[in-house]
Amino acid sequence: MSKKFFLQEKDIPTAWYNIIPSMPTKPRPLLNPATKKPLSAEDLYPLFSEEASRQEMNVTDSWIEIPEAVRDIYKIWRPTPLVRASGLEKALGTNCHIYFKNESVSPVGSHKLNSAIPQAYYCKQQGVTNITTETGAGQWGAALSLASRMFGIELAVYMVKVSYHQKPYRRSIMQTYGAEVVASPSMSTKAGRRIITEHPNHQGSLGTAISEAVELAMSTPNCKYALGSVLNHVALHQTVIGLEAEKQMEMAGEYPDVVIGCFGGGSNFSGIAFPFMRHNLAGDKNTLFIAAEPSSCPKLTRGVMQYDFGDEAGYTPLIPMLTLGHNFAPANIHAGGLRYHGAGSVVSQLKCDGLMDAVDIPQLESFEAATIFAKSEGIIPAPESAHAIAAAIRQARQADEEGRSKVILFNLSGHGLIDMTAYDRYFAGDLANYEVSDSEVAANTAGLEKLI
Ligand SMILES: *Cc1c(COP(=O)(O)O)cnc(C)c1O
């Protein structure tokens, strides 16, 4: 049987780990798209909570205290179990030791709640009464709906219209927690009305949803906007994952040779990886870090390092990132949370400096890995998490071929119980692999340097 390593409530970390002070090359700053000048924390105050803005810009403090009120709510599902995946090891016939950190046990079924709780808390602390956000597949919206409810804040979620209709259960989850869910583009904002007037059948995109959420936050008193990935403060909050896993690996009497996370904007990968990476940066360990991205959206393996917008519409600050271009339209793959054009600035810099690695996983390989894992460990993984599983399986097979035994740790970012339509389509043979062509990448990233 797969053995679990449990921590107690008192072992929930008391501080998040900020990797930036230890980085050999610091990420370049966010830029104001109009003036091209570096942004300060104060510049972000109109949009985000003040504390989140300060954390976003913090390049000096390696440890940032987790408020007691946040730790109290973390106790609902944290510490999460670390599992030795003996069932998977047996199914693969591998000599490697495979472990996973199970973030799927959160009430909303993914790691996203780790950042939603502090973001809602910091809003509450400064008297904010309303939050807006956007959501694609719905995982971030679900997490922020619960977090807002816990602090008595009203939340409006702009959900990409096509997902609103195709993924009714995540919408129901958000509504259960009391959030207002609006299909985007909508008639409730100027941006939405303009899009609908010009394109009456627009099915929505993260770009339209971000534009609407940002507009509402900027035009409503006591209202802030919150983001579920990409930014430094989001990655920071997710480090509870790796900090707990570090203690649990110690309980197991092992240290990982390889640490793996799937990659959308970088938050769960950063969460599992950064706490272990600090020992590499200190020269004490030589762990390999692998971000697993979909072949259809390969920003880390094939993107360019440039300043780019965080959204399609070009409303956000300019972020130094490995990017496929903010107008990149990824294939309609089922790992909705991984369909993002760029990587956060910290991960992008670490990748360019050779301090981590990335692999791209074809869609069919991810679902094959998902079913091997479900049959051997019992948990049906989120299609996103399946990319990390596929990368772990590749690592184990390669080590076996080389006659070595490695200790492999991956993050199970979420379960897939609300994504069974995707599994149905896989079983029916309706899913395909999508490869992006070099010319597509080149066309999408051409001219980015002109943004600065
Ligand atoms: C959102 C999501 C991801 C991708 O986002 P990151 O910020 O890259 O972690 C991965 N897995 C699950 C389950 C998600 O909900």
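Coordinates for the structure precede this section.
It should be emphasised that the depicted structure is a prediction, and the values quoted were computed from it without experimental measurement.

**Considerations on the overall build of the chain**
Line of reasoning, step 1. Helix and strand counts for the chain come out as 19 helices and 15 strands.
Line of reasoning, step 2. The C-alpha radius of gyration computed for the chain amounts to 20 Å, which stays within 12% of the reference 22 Å derived for 452 residues, consistent with globular compactness.
Line of reasoning, step 3. Evaluated residue by residue, the chain yields a buried proportion of 60% over its 452 residues.
Line of reasoning, step 4. Residue pairs at least 24 apart in sequence account for 76% of intrachain contacts in the chain once pairs closer than 6 positions are excluded.
Line of reasoning, step 5. Here the chain displays about 17100 Å² of accessible surface, and carbon together with sulfur accounts for 51% of that area.

**Focus: unusual backbone geometry**
Line of reasoning, step 1. Of note, the amide linkage connecting R78 to P79 takes the cis form, showing an omega dihedral of -10 degrees.
Line of reasoning, step 2. Looking at the secondary structure, you find P79 in the loop between α3 (68-74) and β4 (82-84).
Line of reasoning, step 3. Omega for the bond connecting S184 with P185 falls within 30 degrees of zero, at 5 degrees, which places this linkage in the cis form.
Line of reasoning, step 4. By the secondary structure assignment, P185 is in the loop between β8 (180-184) and α9 (190-198).
Line of reasoning, step 5. Phi at K36 is positive, roughly 65 degrees, even though this residue is not glycine.
Line of reasoning, step 6. Mapped onto the elements of the fold, K36 is located in the loop between β2 (15-17) and α1 (41-44).
Line of reasoning, step 7. Look at V230: it is not a glycine, yet its phi comes out positive at around 65 degrees.

**Regarding the sheet that holds strand β6 (residues 130-135)**
Line of reasoning, step 1. With parallel pairing, the four strands of this open sheet are ordered in space as β8-β7-β6-β9. The sheet is open, and its two edges are formed by β8 and β9 (223-225), each paired on a single side. Strand-to-strand twist in this sheet, taken as the mean axis angle between neighbours without regard to direction, amounts to 25 degrees.
Line of reasoning, step 2. Inspection of the sheet shows β6 paired to strand β7 (residues 154-160) by six bridges, in the parallel sense.

**Observations concerning the nonpolar core**
Line of reasoning, step 1. In this structure, W16, Y74, L113, I117 and I131 are the most contacted members of the largest nonpolar core, which totals 37 residues.
Line of reasoning, step 2. Those elements giving two or more residues to this core turn out to be α3, α5 (113-125), α6 (139-150), β7 and β8.
Line of reasoning, step 3. Among the elements that make up this core, the one with the highest residue count is α5 (seven residues).
Line of reasoning, step 4. With near-sequence residues (within four places) excluded, L113 lies in contact with W77, S106, P107, V108, P118, A143, L146 and A147.
Line of reasoning, step 5. Counting residues in each nonpolar core, the second largest holds 32 residues, with Y17, I19, L82 and I272 among its members.

**Re the site of the ligand**
Line of reasoning, step 1. With respect to spatial proximity, 18 residues lie near the ligand, and among them K112, S229, G264, S267 and S413 are the closest.
Line of reasoning, step 2. Taking K112, its side chain carries an N or O atom lying 2.6 Å from an oxygen atom of the ligand.
Line of reasoning, step 3. Here G264 contributes a backbone N or O atom positioned 2.7 Å from an oxygen atom of the ligand.
Line of reasoning, step 4. In isolation the ligand offers 380 Å² of accessible surface; the protein chains occlude 98% of this area.

**A word on the environment of P256**
Line of reasoning, step 1. Mapped onto the elements, P256 comes out in the loop between α12 (240-252) and β10 (258-262).
Line of reasoning, step 2. Looking at P256, the relative accessible area reads 2%, which means it is buried.
Line of reasoning, step 3. Remark: the alpha-carbon pair of P256 and Y99, spanning 157 residues in sequence, is separated by 8.8 Å.
Line of reasoning, step 4. Every residue in contact with P256, bar those within four places of it in the chain, is listed here: M249, F276, T287, V407 and L409.

**A closer look at the pairing of strand β5 (residues 97-102)**
Line of reasoning, step 1. The buried fraction of β5 is high, at five of six residues.
Line of reasoning, step 2. Bridge analysis of β5 against strand β15 (residues 407-412) gives six bridges, and the strand direction is parallel. Following the sheet pairing, I98 is matched in β15 by I408.

**Regarding the pattern of salt bridges**
Line of reasoning, step 1. All chains considered together, the criterion is met by 14 salt bridges.
Line of reasoning, step 2. Ionic pairing is found between E244 and R78, a salt bridge with its closest N-O pair at 2.9 Å. Highlighted residues: E244 in helix α12 and R78 in the loop between α3 and β4, separated in sequence by 166 residues. For the residue pair E244 and R78, the accessibility class agrees, reading buried in each case.

**A look at the side chain of S186**
Line of reasoning, step 1. Here S186 lies in the loop between β8 and α9.
Line of reasoning, step 2. Side chain to side chain, S186 and S188 meet in a polar contact 2.8 Å long.
Line of reasoning, step 3. There is a polar contact of 2.7 Å between the side chain of S186 and the side chain of E212.
Line of reasoning, step 4. Once residues within four sequence positions are removed from consideration, S186 is found in contact with Y158, G192, R193, I196 and E212.

**Quick word on the packing of aromatic side chains**
Line of reasoning, step 1. The final tally for this structure, using the stated rule, is 15 aromatic pairs.
Line of reasoning, step 2. Between Y255 and F276 the ring centres are 5.7 Å apart and the planes differ by 75 degrees, which places this aromatic pair in the edge-to-face class. In this pair, Y255 is assigned in the loop between α12 and β10 and F276 in helix α13 (residues 267-281), connecting sequence segments 21 residues apart.
Line of reasoning, step 3. Taking the relative accessible area as the measure of exposure, Y255 reaches 24% and is therefore partly exposed.
Line of reasoning, step 4. In this structure an aromatic cluster arises from ring pairing among F367, Y423, Y426 and F427.
Line of reasoning, step 5. We note R278 situated over the ring of Y17; from NZ or CZ to the ring centre the distance is 5.7 Å.

Conventions and cut-offs
- All residue numbers refer to positions counted from 1 along the written sequence of the respective chain.
- Thresholds applied to this predicted model are a pLDDT of at least 70 for local features of residues and 80 or more for the giving and counting of side-chain atom pairs; totals over whole chains, interfaces and linings are not thresholded and use all residues.
- To get the side-chain values, take all heavy atoms of the structure and skip hydrogens and water.
- Numbering goes from the N terminus for both helices and strands, where a helix is a DSSP run of H or I of at least four residues and a strand is a run of E of at least two.
- Atoms counted for the radius of gyration: C-alpha only. Globule rule: 2.2 Å times the number of residues to the power 0.38.
- Only protein chains enter the accessibility calculation, which uses a 1.4 Å probe. A residue is then buried if its area is under 20% of the maximum for its type, exposed if over 50%, and partly exposed in between.
- By definition, residues are in contact when any of their heavy atoms lie within 4.5 Å.
- Each accessible area is a Shrake-Rupley result for a 1.4 Å probe, and residues are judged covered by the shown protein chains and nothing else.
- Two strands are said to pair when DSSP picks up at least two bridges between them.
- Note on method: axes are straight lines fitted to C-alpha atoms, helices fitted across the in-contact stretch only, with angles between N-to-C directions ranging 0 to 180 degrees.
- The criterion is simple. A nonpolar core is a set of buried Ala, Val, Leu, Ile, Met, Phe, Trp, Tyr and Cys residues joined through side-chain atoms within 4.5 Å.
- For each residue, the test is whether any non-hydrogen atom lies within 4 Å of the molecule or strand; if one does, the residue is near.
- Polar contact is the term for a pair of N or O atoms within 3.5 Å; when the atoms are in protein, one must be able to donate a hydrogen and the other to accept it, and sequence-neighboring residues count only if both atoms are side-chain atoms.
- In the sections that follow, a salt bridge refers to a side-chain nitrogen of Lys or Arg positioned within 4 Å of a carboxyl oxygen of Asp or Glu.
- Two aromatic rings from Phe, Tyr or Trp, using only the six-membered ring of Trp, form a pair when their centres are within 6.5 Å; if the ring planes differ by under 30 degrees the pair is stacked, by over 60 it is edge-to-face, and anything between is tilted.
- Charges are assigned to positions over rings by a cutoff of 6 Å between ring centre and Lys NZ or Arg CZ, combined with an angular limit of 35 degrees from the ring normal.

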